[in-house]
Amino acid sequence: MTAPDHRDLIVLESVSRKYELGATTVTALDDVNLHVDEGEFVVVLGPSGSGKTTLINLIGALDTATNGRIHVGEVDVTTAGRKELFAYRRHLVSFIFQSFNIFPGLTARENVQFGIDAAERGAGPSAQDVLDQVGLGDRAEHFPHELSGGEQQRVAIARALATGNPILLADEPTGELDFKTGVQILELLQAQAGPDKAVVVVTHNREISRIADRVVELSSGRIERDGPPRGGRADVSDLHW
């Protein structure tokens, strides 16, 4: 299975996602077309309920489209079987969840090491190195219940970064962080976008969209705008919230 274009790491073609809630049909995404090229840092912007999380869940094969096609790298996500999707989630896509999703019985270092082991990358930065990058080097042997919400979020971010997977999907990655730490994390996420890699960040925080290569604005499940940041692209050091 091949993607339509070598440069396009992520391609959505006429993708919709509908949910049946009793006698009511809820449309979370409605006929979405989206391309993300290698090297891009894309921010998906929109209010709660606009379809942002549904979008990245579909890209990450955590949910299934009702209609349309999704290609990521060499994988046709919409037709791939269970075995191929299992490998896809381990080797191609890394998630930063808004709800952290770290293991309560593992230390910070062990949580990050789990991501490294699952991706089977071999050579690369150690779990300790990545925890140092997110400012948690001295908390490596602490368990989640011994960490604040912001520290737990940084463990989740470190685990995703440590995999080295080419697609990084982040759902409100700075939501639990203070401004200084949030800026540090955004710099790390930006650095992940490069040859053969792409980063998609979902947020309701318009300020974060200022540092994107492209901003995709969602409203009621549809793309209302897809283009450069309004007012031009800013540096991370220019942000404030």
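Here the structure is a predicted model, which means the values were calculated and not measured.

Rules and cut-offs
- Residues numbered from 1 in each chain as written.
- Predicted model: local features only at pLDDT ≥ 70, side-chain atom pairs only at ≥ 80, totals over all residues.
- Heavy atoms only, no water.
- Helix = DSSP H or I, 4+ residues; strand = E, 2+ residues; numbered from the N terminus.
- Pairing = 2+ DSSP bridges.
- Buried < 20%, exposed > 50% of the residue type's maximum accessible area, 1.4 Å probe, protein only.
- Core = buried A, V, L, I, M, F, W, Y, C linked by side-chain atoms within 4.5 Å.
- Contact = heavy atoms within 4.5 Å.
- Axes fitted to C-alpha atoms, helices over the stretch in contact; angles between N-to-C directions.

J.: Lay out the environment of I70 with the relevant residues and their values.
T.: By the element assignment, I70 lies in strand β4 (residues 67-72). Along the backbone, I70 and T24 are 46 residues apart, and their C-alpha atoms lie at a distance of 26 Å.

J.: I'd like to hear about the pairing of β4, residue by residue, with values.
T.: Two strands pair when backbone bridges link them, and strand β1 (residues 8-21) and β4 are joined in this way by five bridges, in the antiparallel orientation. Bridge assignment links L12 to a residue of β4, and that residue is I70. Between the end of β4 and the start of strand β5 (residues 75-76), which pair antiparallel, lie two residues, with G73 showing a positive phi angle near 60 degrees.

J.: Provide a residue-level description of unusual backbone geometry, including the pertinent values.
T.: Unusually for a residue other than glycine, A61 sits at a positive phi of about 60 degrees. With respect to the helices and strands, A61 occurs in the loop between α1 (52-59) and β4. By relative accessible area, which is 8% here, A61 ends up buried.

J.: Kindly report on the nonpolar core, identifying the contributing residues and their values.
T.: F41, V112, V134, L161 and L189 are the most contacted members of the largest nonpolar core, which totals 40 residues. It is helix α5 (residues 149-163) that contributes the most residues to this core, seven residues altogether. Within the second largest apolar cluster, 32 residues are counted, among which are I10, L12, V72 and L85.

J.: Mind laying out the sheet that holds β4, listing which residues take part and the relevant values?
T.: One open sheet holds the four strands; their spatial order is β2-β1-β4-β5, and the pairing between them is antiparallel. Each end of this open sheet is capped by a strand with a single partner; those strands are β2 (24-37) and β5. The pairing of β4 with β5 spans two bridges and is classified as antiparallel. Within β5, the position partnered with H71 by the bridge is D76. Each of β1, β2 and β4 touches α1; the most contacted strand, β1, lies at about 120 degrees to it.

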